[in-house]
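Structure at a glance
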Amino acid sequence: MDALNALVALANFVVIPATAYGAQLSLGALGVTLIYGILRFSNFAHGDTMAFGTMATILFTWVLQGAGISFGPLPTALLALPVGIAITALYVLATDRVVYRFYRKQRAAPVILVIVSMGVMFVTNGVVRFIIGVDDRNFDDGTRFLISARDFRNWTGLDEGLALRSSQAITVVTAVLVVALLFWFLTCTRTGKSMRAFSDNEDLALLSGINPERVVAITWIIVAALATVAGVLYGLDKSFKPFTYFQLLLPIFAAAIVGGLGSPLGAIAGGFIIAYSEVAVTYAWKKVANYALPERFEIDGLGQLLSTDYKFAVSFAILVIVLLFRPTGLFRGKSV
Amino acid sequence: MAQTFAPETPRTVAADHVGAASAEAPGAGIPALIGDAMTGGYGGGGDILNGCTISIDPGQIAVIVGPNGAGKSTAMKAVFGMLSLRKGAVRLAGRDITALTPQARVAQGMAFVPQTHNIFTSMTVEENLEMGAFLRRDDIADTMAQVYDLFPILRDKRRQPAGELSGGQRQQVAVGRALMTRPTVLMLDEPTAGVSPIVMDELFDRIIEVARTGISILMVEQNARQALEIADRGYVLVQGRNAFTDTGRALLNDPDVRRSFLGG
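All values derive from a computational prediction rather than experimental measurement. (Residues numbered from 1 in each chain as written. Chains lettered and ligands numbered in written order. Predicted model: local features only at pLDDT ≥ 70, side-chain atom pairs only at ≥ 80, totals over all residues.)

We now examine the overall build of chain B. Broken down by element type, chain B carries 10 helices and 10 strands. Per-residue burial over chain B gives 47% buried out of 264 residues. (Helix = DSSP H or I, 4+ residues; strand = E, 2+ residues; numbered from the N terminus. Buried ≥ 20, exposed ≤ 12 C-beta atoms within 10 Å, placed from the backbone.)

Structure follows, in structure tokens:
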């Protein structure tokens, strides 16, 4: 019985939250890795692109709610998602036209584009705060739980409860669908293949008649979609606060680099590695340990390796270790 | 072996292509491609080409040889529009294409195989060929089958990432990719660089086969002797000028050329 309780507690406090968080990070890292593979720079504005997309989705959610439209047990935000994606796509295409294209024409060095993207980051950051404000916002209006802790205890008779929030289930299902769609697009369609060819060998892609501006535009649209989905899922799971999204940049970049920049598969793996490490290191293991260990080994302390305030140190440490020992990442991405 | 990669303009295939005079072909007089009195260099630097002329007749093989730094690759890049000319012109089947970008020249029927980085390493062989045909909107299955007939090993490896192949096989992928646009002129920058002598001979055989289908070939080669043996016309460049121009066979027998460039 204790072993079962340990497993349930582990699932409840570590596996489920980390899986949902990992799916959100993976979607974010996919956007970063696509920009890196095709436009060849690290896009520091990605966290704020996620914030912008979430903001656009929230605004349209309010419109829908005002009109009395709801999505049944699912959050209304999912219904507003396509509109949010479209607005974000227009926004990133506009930044590309106004800002990035100028530097691309000059064949600017990647480090210059990184600095440029930081400028875009600050502007986007300001735009989002200006429009929706700096406060924490909760916009999840669907059913709160698929399985609640109390129901679970009643069904099983265990001491420990297992809660599965609907936002967590939605996160994982949506992430799987989006990733499957992305991989199908990249491997099976003519446009997707031309994007991979452009990422692989830009000069040869030009010789083959692939139009670089079209590839770049489609990349931005896909990245806008990925960023918006990632941002909305994160916001549904936790809450929406522009500053938190800016902070997400570090774990997202850590995920993309751990997996290997430019490798979509790597971005997914990296996202889950970072999420599981972060949750595992900052979780207080006392409860699980005391269920699992024999009585005389019981621990009195919290069994927490690092306070949650320091969770960013985890991504940072993993980032440093990977860059030291395997600079191209687990899936052999590109190195600058 | 299917007959031609470029069915839209049927061309007479020279029966014995070595030494076949261009005057025998219909539409004679107009070269398939000519870089006429080209002068130019990179950026704002000095001229690398000084009035150099390179011309290829339909269905023939032309080879550019010369010492290091003579401007061989530069001459080819100039013909393909990768550097801007200060003087001279480039004409494709009589049309002036001097002002066109390399991409526009691809659409006009020119194909170029760079010396390095000439395949998509992370993509499969078949995807490489598909990308070669990116400009085409019609059915590419026939052309692909022709490439596989020309390079049978690629058919076996078509699902394998091109980056995993050997040096000689990569060159076959590179040439195959270029053939997918059904070009009238195929340009190869040192196709045998870094491959073994046996693979080199095989590649030259394949290049002759491509020429037999009516495609004109312009090649820059380090292996001057072997390249001139298969050349209908050879250009020896020195300091960006035409030093010697003749049939490949004649150049090989020319005592001056032998002494200066072929090592006696």
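With that settled, the discussion passes to the nonpolar core. Counting residues in each nonpolar core, the largest one holds 161 residues, and the members touching the most others are B:Ala75, B:Val79, B:Leu186, B:Met187, B:Ile217 and B:Leu218. Discounting chain neighbours no more than four positions away, the residues touching B:Ala75 are B:Gly35, B:Met38, B:Leu49, B:Cys52, B:Ile54, B:Ile64 and B:Leu237. Core analysis: the second largest hydrophobic core is formed by 5 residues, A:Ala9, A:Leu162, A:Val288 and A:Tyr291 among them. (Core = buried A, V, L, I, M, F, W, Y, C linked by C-beta atoms within 7 Å. Contact = placed C-beta atoms within 7 Å.)

Moving on: unusual backbone geometry. Backbone geometry follows two general trends: most residues other than glycine have a negative phi, and most peptide bonds adopt the trans configuration. With a phi angle near 50°, B:His117 is a residue other than glycine that sits in the positive phi range. By the secondary structure assignment, B:His117 is in the loop between β6 (110-113) and α3 (125-132).

A word on the environment of A:Leu10. With respect to the helices and strands, A:Leu10 occurs in helix α1 (residues 2-39). Along the primary structure A:Leu10 and A:Phe312 are separated by 302 residues, whereas in three dimensions their C-alpha atoms are 22 Å apart.

A few words on the environment of A:Ser166. Residues and elements named next belong to chain A. For Ser166, the location among the structural elements is in helix α6 (residues 166-188). Put simply, Ser166 and Val120 are 46 residues apart on the chain and 34 Å apart in space, counted from C-alpha to C-alpha. In this structure Ser166 touches Gly142, Thr143, Arg144, Phe145 and Leu146, once residues within four positions along its chain are discounted.

According to UniProt, the positions carrying the feature "transmembrane region" (unreviewed entry) are residues 6-39, 51-71, 77-99, 111-132, 168-186, 215-236 and 305-325 of chain A. With 76% helix and 0% strand, residues 51-71 of chain A has its two end C-alpha atoms placed 23 Å apart. (UniProt positions renumbered as here; feature names shortened; annotations may be inferred.)

Before going further, it helps to spend a moment on the sheet that holds strand β2 (residues 49-56) of chain B. Within a beta sheet, neighbouring strands are joined by backbone hydrogen bonds and run either parallel or antiparallel to one another. Residues and elements named next belong to chain B. Strand order in the open sheet formed by 4 strands is β2-β1-β4-β5, with antiparallel pairing between adjacent strands. Lying at the two open borders of the sheet, with one neighbouring strand each, are β2 and β5 (95-96). Pairing between strand β1 (residues 33-40) and strand β4 (residues 85-92): 6 bridges, direction antiparallel. Residue pairing across strands places Ile34 opposite Arg91, the latter belonging to β4. Where helix α1 (residues 72-80) meets the sheet, it contacts β1, β2 and β4, and its direction lies at approximately 115° from that of β1. (Pairing = 2+ DSSP bridges. Axes fitted to C-alpha atoms, helices over the stretch in contact; angles between N-to-C directions.)

What follows covers helix α12 (residues 264-282) of chain A. Between the first and last C-alpha of α12(A) there are 27 Å, a value that for 19 residues agrees with the 27 Å anticipated at 1.5 Å per step. Within α12(A), 14 of the 19 residues are buried, which leaves it mostly tucked inside the rest of the structure. (Expected span 1.5 Å × (residues − 1).)

Here the focus is the packing of helix α11 (residues 249-259) of chain A against α12(A). All names here are of chain A. Axis separation between α11 and α12 bottoms out at 7 Å; the angle between their running directions is 125°. When the interaxial angle is binned, α11 and α12 end up oblique. The handedness of the crossing between α11 and α12 is right-handed. Residues Pro251, Ala254, Ala255, Ala256, Val258 and Gly259 of α11 pack against Gly266, Ala267, Ile268, Ala269, Gly270, Gly271, Ile273, Ile274 and Glu278 of α12. Its residues assigned to classes, the contact of α11 with α12 shows 10 nonpolar, 4 polar and 1 charged. (Parallel < 35°, antiparallel > 145°, perpendicular 65-115°, else oblique. Left-handed = near helix turned anticlockwise from the far one by under 90°. Nonpolar A, V, L, I, M, F, W, Y, C, P; charged D, E, K, R; others polar.)

Residue and element names in this part refer to chain A. Running from amino to carboxyl end, α1 crosses α6 at an angle of 35°, the nearest separation of the two axes being 9 Å. Relative to α6, the crossing made by α1 is left-handed. Residues Ile16, Thr19, Ala20, Ala23, Gln24, Ser26, Leu27 and Leu30 of α1 lie in contact with α6, whose contacting residues are Gln168, Thr171, Val172, Ala175, Val178 and Leu182. For the contact of α1 with α6, the residue count by class is 9 nonpolar, 5 polar and no charged.

Our focus in this paragraph is the interface of chain A and chain B. Of the residues lining the interface, 13 residues belong to chain A; the matching set on chain B comes to 17 residues. Looking at the side of chain A that touches chain B, the elements with two or more residues in it are α7 (190-200) and α8 (202-207) of chain A. At 5 residues, the largest contribution of residues to the side of chain A that touches chain B is made by α7(A). Split by residue class, the side of chain A that touches chain B holds 5 nonpolar, 4 polar and 4 charged.

Looking now at the pairing of β4(B). Residues and elements named next belong to chain B. Relative to β5, β4 runs antiparallel, the two being bridged by 2 bridges. Across the sheet, the residue bridging to Arg91 is Asp96, located in β5. Joining the antiparallel neighbours β4 and β5 is a turn of 2 residues, in which Ala93 adopts a positive phi near 50°.

Okay, the sheet that holds strand β8 (residues 216-220) of chain B next. Residues and elements named next belong to chain B. Across the sheet, which stays open at both edges, the 6 strands sit in the order β6-β7-β8-β3-β9-β10 with mixed pairing between neighbours. Edge positions in the open sheet fall to β6 and β10 (241-246), since each of these has one partner strand only. On average, each strand axis in the sheet is tilted by 15° relative to the strand beside it, whichever way the strands run. Relative to β10, strand β9 (residues 233-238) runs antiparallel, the two being bridged by 5 bridges. Its bridge partner lying in β10, Tyr235 is registered against Thr245. Contacts from helix α6 (residues 167-179) reach β6 and β7 (185-189) within the one sheet, and its direction differs from that of β6 by about 165°.

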